[in-house]
Structure formats: C-alpha cells, structure tokens
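The lines below spell out each chain.
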Amino acid sequence: MPITLNDEAAQVAFGETLGRALAGRGQVHLIGDLGAGKTTLARGILRAYGHGGAVKSPTYTLVEPYETASARVFHFDLYRLGDPEELEFMGARDMLGSDALCLIEWPSRGAGWLPAPDLEIHLQLVSGGGRRVSGTAYSQQGRAVLAAMPASLSHKEDEC
C-alpha cells in the first residue's frame, strides 16, 4: 500500500528518510507526472547528506552534481532529452558507474541506454495537494532500502 504525504514538508521529510536509507549510493528513478514533486523529493534526499542550499530541477542542464561531506549525488532530469544517446556525450556513463547516488527524473526518456535502477519511486498527485508515494526494488540494494523504509512503501518487489 502506498504512503500518502499530505504536504511539501512531509514530502521533504520522507525524502530525508529515504536519503538515509540509500546511504549515498545507487540509482533511483523518480517517476511521476509534471508537478508530482520529484524535485521536492530530491531536495529531501539531499538534506539527508547535509545539503542546505537550493535544489532546482535540472530541466535545462540535464544534470546537477552535488558534493557533500558524506555523499556525491547526481540529480538528472531527462524531460528535455532529445535522444538517449545524448547521455553518452555528456558523460553520464561515468556518473552512473561511479560510487555515487544518481537520482533520475523522467527515466523513460533514457530508455534503452540507462541501466536498470536499484529503486523506482513513484509519485502521484492526490486531491488536496498531497502525494501518494510507492517504491519498486530492482536490486538487492533496492530491496534493502525498501526494507529500511516504512512497510507500506513497497507495492511490489521485482527480481533482478
């Protein structure tokens, strides 16, 4: 059963909890319609690693890197990606292959090029301005993250 987050503060707090469970590594696909709160969730995740500054959607830059004392995070937004091969030209293979946390909004735009994620987080708008959040694990690491989160987050677990 998904978790319902009633406001932005709850979404950021949930992101912080998720960030701690991720321990600063892995690949997480953030899936949801425009305005579902993918970047807000990313802000919460980054706060778990001590980032207190602004977190903007990298819609035009495609990726924003963040370095903190405890983690290196690459925040991708592939909404404006013209072709998945563009990821190769921007050096995404090195970012995805590093010992970092990669948060990827609009991963469907990189289909066929992106490796399978450790975890997918699905965000859905609900009436009253809240968000419904659920997760799907695709690796042992993803399963461990879901196990560390509230029990109601996981709606299914897929095998690797």
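Above this text you will find the structure in question.
Presented here is a report on the structure given in the accompanying data block.

1. A closer look at the overall build of the chain
Point 1. Across its full length, the chain holds five helices and eight strands.
Point 2. Walking the chain from its N terminus toward its C terminus, one meets helices and strands in the order β-α-β-α-β-β-α-α-β-β-β-α-β.
Point 3. The C-alpha atoms of the chain give a radius of gyration of 14 Å, which matches the 15 Å a tight globule of 160 residues would have.
Point 4. Expressed along its principal axes, the backbone C-alpha trace of the chain runs to roughly 40 × 35 × 30 Å.
Point 5. Taking all contacts inside the chain whose residues are at least 6 apart in sequence as the whole, residues at least 24 apart take part in 59%.
Point 6. Surface summary for the chain: the accessible area is close to 7,600 Å², and the carbon and sulfur share equals 50%.
Point 7. Across the chain, the mean location of the 14 positive side-chain charges is 5 Å away from that of the 19 negative side-chain charges.

2. Structural notes on the packing of helix α1 (residues 8-22) against helix α5 (residues 140-148)
Point 1. The geometry of α1 relative to α5 is characterised by a closest axis approach of 9 Å and an angle of 135° between their N-to-C directions. Between α1 and α5, the angle falls in the class oblique. You can see that α1 and α5 cross each other, and the crossing is right-handed. Across the interface between the two elements, L18, A21 and L22 of α1 pack against Q141, V145 and A148 of α5.
Point 2. The class makeup of the residues in the contact of α1 with α5 is five nonpolar, one polar and no charged.

3. So, the pairing of strand β3 (residues 63-67)
Point 1. Inspection of the sheet shows β3 paired to strand β4 (residues 72-77) by five bridges, in the antiparallel sense. For E67, the partnering residue across the bridge sits in β4 and is R72.
Point 2. Between the end of β3 and the start of β4, which pair antiparallel, lie four residues.

4. Notes on unusual backbone geometry
Point 1. Of note, L62 is a non-glycine position whose phi angle comes to about 75°, a positive value.
Point 2. Along the chain, L62 turns up in the loop between α2 (38-47) and β3.

5. Observations regarding the nonpolar core
Generally speaking, a soluble globular protein has its nonpolar side chains buried in company with each other.
Point 1. Counting 27 residues, the largest nonpolar core has L18, L22 and I121 as its most contacted members.
Point 2. Top element by residues in this core is α2. It accounts for four residues.
Point 3. Setting aside chain neighbours within four positions, we find I121 in contact with L18, V28, H29, L30, I31, L41, V133, S134 and G135.
Point 4. L62, F76, A92 and C102 belong to the second-largest nonpolar core, a separate cluster that totals 16 residues.

Basis of the calculations
Residues numbered from 1 in each chain as written. Predicted model: local features only at pLDDT ≥ 70, side-chain atom pairs only at ≥ 80, totals over all residues. Heavy atoms only, no water. Helix = DSSP H or I, 4+ residues; strand = E, 2+ residues; numbered from the N terminus. Rg over C-alpha atoms; globule rule 2.2 N^0.38 Å. Contact = heavy atoms within 4.5 Å. Areas by Shrake-Rupley, 256 points an atom, 1.4 Å probe, with all protein chains shown as cover. Lys, Arg positive; Asp, Glu negative; His and termini not counted. Charge placed at Lys NZ, Arg CZ, Asp CG, Glu CD. Axes fitted to C-alpha atoms, helices over the stretch in contact; angles between N-to-C directions. Parallel < 35°, antiparallel > 145°, perpendicular 65-115°, else oblique. Left-handed = near helix turned anticlockwise from the far one by under 90°. Nonpolar A, V, L, I, M, F, W, Y, C, P; charged D, E, K, R; others polar. Pairing = 2+ DSSP bridges. Core = buried A, V, L, I, M, F, W, Y, C linked by side-chain atoms within 4.5 Å. Buried < 20%, exposed > 50% of the residue type's maximum accessible area, 1.4 Å probe, protein only.

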